[in-house]
Amino acid sequence: MQIRQISIFLANEPGQLSAICRALADANINIATLSLADTSDFGIVRMIVDDHEKAKRILTERGHVVNVREVVAVCVPDRPGGMAEVMSVLDAAGANIEYSYAFSFHKAEKAVLVFRFTDNEKAASALAEAGYVTLNEQEAIEAAK
(Lines give C-alpha, C1' and ligand atoms only; values in the text may rest on other atoms or scores of the structure.)
Protein backbone atom coordinates (compact mmCIF):
# COMPACT_ATOMS: atom_id res chain seq x y z
CA MET A 1 0.00 0.00 0.00
CA GLN A 2 1.36 3.39 -0.94
CA ILE A 3 0.50 6.84 0.32
CA ARG A 4 1.11 10.29 -1.10
CA GLN A 5 3.63 12.71 0.31
CA ILE A 6 4.30 16.27 -0.76
CA SER A 7 7.85 17.52 -1.31
CA ILE A 8 8.47 21.25 -1.26
CA PHE A 9 11.66 22.91 -2.46
CA LEU A 10 12.70 25.90 -0.34
CA ALA A 11 15.40 28.50 -0.38
CA ASN A 12 17.66 27.97 2.61
CA GLU A 13 16.63 31.26 4.25
CA PRO A 14 15.04 32.21 7.57
CA GLY A 15 11.24 32.02 7.64
CA GLN A 16 10.76 29.67 4.68
CA LEU A 17 9.59 26.64 6.70
CA SER A 18 7.49 28.88 8.94
CA ALA A 19 5.70 30.34 5.90
CA ILE A 20 4.81 26.87 4.62
CA CYS A 21 3.54 25.75 8.01
CA ARG A 22 1.47 28.96 8.39
CA ALA A 23 -0.05 28.58 4.90
CA LEU A 24 -1.11 25.00 5.66
CA ALA A 25 -2.45 25.96 9.09
CA ASP A 26 -4.48 28.81 7.60
CA ALA A 27 -5.96 26.32 5.12
CA ASN A 28 -6.81 23.91 7.98
CA ILE A 29 -4.43 21.25 6.65
CA ASN A 30 -2.92 18.96 9.27
CA ILE A 31 0.72 17.88 8.97
CA ALA A 32 1.11 14.28 10.13
CA THR A 33 4.87 14.12 9.73
CA LEU A 34 7.65 16.23 8.29
CA SER A 35 11.25 15.74 7.24
CA LEU A 36 13.65 18.51 6.21
CA ALA A 37 16.90 17.95 4.34
CA ASP A 38 19.03 20.91 3.38
CA THR A 39 22.10 22.03 1.54
CA SER A 40 23.74 25.42 1.70
CA ASP A 41 21.35 26.81 -0.93
CA PHE A 42 18.04 24.98 -0.66
CA GLY A 43 16.05 22.49 1.35
CA ILE A 44 13.52 19.79 0.61
CA VAL A 45 10.61 19.47 3.01
CA ARG A 46 8.76 16.17 2.83
CA MET A 47 5.34 15.99 4.48
CA ILE A 48 2.42 13.67 4.85
CA VAL A 49 -0.65 15.86 5.22
CA ASP A 50 -4.35 15.17 5.50
CA ASP A 51 -5.13 16.76 2.11
CA HIS A 52 -2.16 16.58 -0.25
CA GLU A 53 -4.08 17.98 -3.25
CA LYS A 54 -5.19 21.10 -1.40
CA ALA A 55 -1.73 21.51 0.15
CA LYS A 56 -0.07 21.32 -3.26
CA ARG A 57 -2.49 23.85 -4.72
CA ILE A 58 -2.06 26.34 -1.87
CA LEU A 59 1.72 26.11 -1.77
CA THR A 60 2.02 26.29 -5.56
CA GLU A 61 -0.16 29.43 -5.55
CA ARG A 62 2.38 30.93 -3.12
CA GLY A 63 5.22 30.27 -5.56
CA HIS A 64 6.65 27.04 -4.16
CA VAL A 65 7.73 24.08 -6.26
CA VAL A 66 5.70 21.14 -4.92
CA ASN A 67 5.80 17.51 -6.02
CA VAL A 68 3.60 14.63 -4.94
CA ARG A 69 5.39 11.29 -4.50
CA GLU A 70 4.26 7.82 -3.54
CA VAL A 71 5.84 6.47 -0.36
CA VAL A 72 5.37 3.40 1.81
CA ALA A 73 4.60 3.75 5.53
CA VAL A 74 5.10 0.63 7.61
CA CYS A 75 4.14 0.11 11.23
CA VAL A 76 6.81 -1.48 13.44
CA PRO A 77 7.27 -2.15 17.15
CA ASP A 78 8.87 0.85 18.88
CA ARG A 79 11.68 -1.05 20.56
CA PRO A 80 15.37 -1.75 20.02
CA GLY A 81 15.74 -3.84 16.88
CA GLY A 82 12.36 -2.90 15.39
CA MET A 83 13.89 -1.06 12.45
CA ALA A 84 16.71 -3.58 12.06
CA GLU A 85 14.15 -6.34 11.51
CA VAL A 86 12.40 -4.32 8.80
CA MET A 87 15.74 -3.58 7.16
CA SER A 88 16.54 -7.31 7.05
CA VAL A 89 13.30 -7.95 5.15
CA LEU A 90 14.04 -5.11 2.75
CA ASP A 91 17.64 -6.25 2.23
CA ALA A 92 16.49 -9.82 1.48
CA ALA A 93 14.05 -8.43 -1.11
CA GLY A 94 16.75 -6.30 -2.73
CA ALA A 95 14.79 -3.11 -2.03
CA ASN A 96 16.67 0.09 -2.80
CA ILE A 97 15.82 2.95 -0.41
CA GLU A 98 15.93 6.47 -1.82
CA TYR A 99 15.15 8.07 1.54
CA SER A 100 13.37 7.41 4.81
CA TYR A 101 12.08 9.15 7.91
CA ALA A 102 10.08 8.02 10.93
CA PHE A 103 7.72 8.97 13.72
CA SER A 104 6.45 7.14 16.78
CA PHE A 105 3.25 7.02 18.75
CA HIS A 106 3.89 5.81 22.26
CA LYS A 107 0.28 5.13 23.17
CA ALA A 108 0.47 1.96 21.11
CA GLU A 109 4.25 1.44 21.46
CA LYS A 110 4.55 1.55 17.69
CA ALA A 111 6.61 3.52 15.20
CA VAL A 112 5.95 4.35 11.57
CA LEU A 113 8.79 4.21 9.07
CA VAL A 114 8.20 6.12 5.86
CA PHE A 115 10.20 5.00 2.83
CA ARG A 116 10.62 6.05 -0.77
CA PHE A 117 11.98 3.08 -2.74
CA THR A 118 13.07 2.84 -6.35
CA ASP A 119 10.34 0.16 -6.55
CA ASN A 120 7.65 0.87 -3.93
CA GLU A 121 5.45 -2.06 -5.01
CA LYS A 122 8.25 -4.62 -4.65
CA ALA A 123 9.19 -3.34 -1.20
CA ALA A 124 5.57 -3.15 0.01
CA SER A 125 4.98 -6.72 -1.15
CA ALA A 126 8.06 -7.95 0.69
CA LEU A 127 6.94 -6.18 3.86
CA ALA A 128 3.42 -7.63 3.61
CA GLU A 129 4.78 -11.14 3.03
CA ALA A 130 6.86 -10.75 6.20
CA GLY A 131 3.73 -9.78 8.16
CA TYR A 132 4.29 -6.04 8.40
CA VAL A 133 1.33 -3.69 8.12
CA THR A 134 1.66 -0.86 5.64
CA LEU A 135 -0.57 2.11 6.28
CA ASN A 136 -2.90 3.99 3.99
CA GLU A 137 -3.00 7.78 4.13
CA GLN A 138 -5.78 7.99 6.70
CA GLU A 139 -4.06 5.47 8.97
CA ALA A 140 -0.78 7.42 8.77
CA ILE A 141 -2.58 10.64 9.67
CA GLU A 142 -4.35 8.96 12.60
CA ALA A 143 -1.11 7.36 13.80
CA ALA A 144 0.54 10.77 14.05
CA LYS A 145 -2.17 12.19 16.31
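First, a word on scope: everything that follows refers to the structure included in this document. (Residues numbered from 1 in each chain as written. Predicted model: local features only at pLDDT ≥ 70, side-chain atom pairs only at ≥ 80, totals over all residues. Heavy atoms only, no water.)

## Brief notes about the overall build of the chain
Spelled out, the test is: Numbered from the N terminus, helices here are DSSP runs of H or I no shorter than four residues, and strands are runs of E no shorter than two. Only the C-alpha atoms count toward the radius of gyration. The rule for a globule is 2.2 Å times the residue count to the power 0.38. The cut-offs for exposure are 20% and 50% of the maximum accessible area for each residue type, with area from a 1.4 Å probe on protein chains only; residues under the lower value are buried, those over the upper are exposed, and the others partly exposed. Residues count as neighbours in contact if any of their non-hydrogen atoms are within 4.5 Å of one another.
In terms of helices and strands, the chain carries five helices and seven strands. From first element to last, N terminus to C terminus, the chain shows the α and β order β-α-β-β-α-β-α-β-β-α-β-α. Taking 2.2 N^0.38 as the reference for a compact globule, 145 residues should give roughly 15 Å; the C-alpha atoms of the chain span a radius of gyration of 16 Å, in line with that estimate. Here the chain holds 145 residues, and 42% of them are scored as buried. Considering only residue pairs separated by 6 or more positions, the chain has 71% of its internal contacts joining residues 24 or more positions apart.

## Points about the pattern of salt bridges
So the rule is basically this: By convention in these notes, a salt bridge is any Lys or Arg side-chain nitrogen within 4 Å of a carboxyl oxygen on Asp or Glu.
Per the stated rule, a full pass over the model turns up six salt bridges. We note a salt bridge from arginine 4 to glutamate 137, for which the minimum N-O separation is 2.8 Å. One end of the pair, arginine 4, is in strand 1 (residues 3-11); the other, glutamate 137, is in helix 5 (residues 137-144), with 133 residues separating them in the sequence. Arginine 4 gets classed as partly exposed once you look at its relative accessible area, which sits at 32%. A salt bridge links arginine 116 to glutamate 98; the shortest N-O distance between them is 3.4 Å. Pair noted here: arginine 116 is in strand 6 (residues 110-117) and glutamate 98 is in strand 5 (residues 97-105), with a separation of 18 residues, a long-range link.

## Some thoughts on helix 5
Defined as follows: The arc in question is the one spanned by the directions pointing from the helix axis to the C-beta atoms. Two N or O atoms count as a polar contact when they lie within 3.5 Å, although within protein this holds only if one can serve as hydrogen donor and the other as acceptor, and sequence-adjacent residues are included solely when both atoms are side-chain atoms.
Along helix 5, the positions that sit buried rather than exposed are Glu137, Ala140, Ile141 and Ala143. One side of helix 5 carries all its buried residues, which in axial view fall inside an arc of 160 degrees. The distance from a side-chain oxygen at the start of helix 5 to the backbone nitrogen of glutamine 138 is 3.1 Å, and the residue carrying that oxygen is asparagine 136.

## Overview of the nonpolar core
Which entries qualify depends on this criterion: We call a set of buried residues a nonpolar core when its members are Ala, Val, Leu, Ile, Met, Phe, Trp, Tyr or Cys and they connect through side-chain atoms within 4.5 Å of each other.
Ranked by internal contacts, the top residues of the largest apolar core, which has 16 residues, are Val86, Leu90 and Leu127. Excluding its chain neighbours within four sequence positions, the residues that come into contact with leucine 90 are Ala95, Ile97, Phe115, Phe117, Ala123 and Leu127.

## Some words on the packing of aromatic side chains
Note the following rule: Centre distance within 6.5 Å is the pairing criterion for rings of Phe, Tyr and Trp, where only the six-membered ring of Trp is used; planes under 30 degrees apart are then read as stacked, over 60 as edge-to-face, and the remainder as tilted. Lysine and arginine charges are scored as sitting over a ring when NZ or CZ, respectively, is within 6 Å of the ring centre and within 35 degrees of the ring normal.
Following the criterion strictly, the structure yields one aromatic pair and no others. For the pair phenylalanine 115 and phenylalanine 117, a centre-to-centre distance of 5.1 Å together with 25 degrees between the ring planes defines the contact as stacked. Residues phenylalanine 115 and phenylalanine 117 agree in their burial class; the two are buried. Across the ring face of tyrosine 99, the terminal group of arginine 46 is positioned such that the distance to the ring centre comes to 3.6 Å.

## A few points about the packing of helix 1 (residues 16-26) against helix 2 (residues 52-61)
The condition is simple: For every element, the axis is a line fit to its C-alpha atoms; helices are fit only across the contacting stretch, and the angle between N-to-C directions ranges from 0 to 180 degrees. For classification purposes, angles smaller than 35 degrees are called roughly parallel, those larger than 145 roughly antiparallel, those between 65 and 115 roughly perpendicular, and all remaining angles oblique. Note: crossing handedness is left-handed where the near helix turns anticlockwise from the far helix by less than a right angle, and right-handed where it turns clockwise. By the convention adopted, Pro, Cys, Tyr, Trp, Phe, Met, Ile, Leu, Val and Ala count as nonpolar, Lys, Arg, Asp and Glu as charged, and the other residues, Gly among them, as polar.
Relative to each other, helix 1 and helix 2 sit at 125 degrees, their axes nearing to 10 Å. Classified by the interaxial angle, the pair formed by helix 1 and helix 2 is oblique. Crossing hand, helix 1 versus helix 2: right-handed. Touching Ile20, Ala23 and Leu24 of helix 1 are Ala55, Ile58 and Leu59, all from helix 2. Of the residues in the contact of helix 1 with helix 2, the class split is six nonpolar, no polar and no charged.

## Looking at the pairing of strand 4 (residues 65-77)
Residues in a regular strand point their side chains to alternate faces of the sheet. Our working rule: Here a strand pair is declared whenever DSSP counts at least two bridges between the two strands.
As paired strands, strand 1 and strand 4 are joined by seven bridges and run antiparallel to one another. The residue of strand 4 that forms the bridge with serine 7 is asparagine 67. Two elements, strand 4 and strand 7 (residues 133-134), share two bridges in a ladder whose sense is antiparallel. Looking at strand 7, one finds that valine 74 is bridged to threonine 134.

This is a description of form; function is not addressed.
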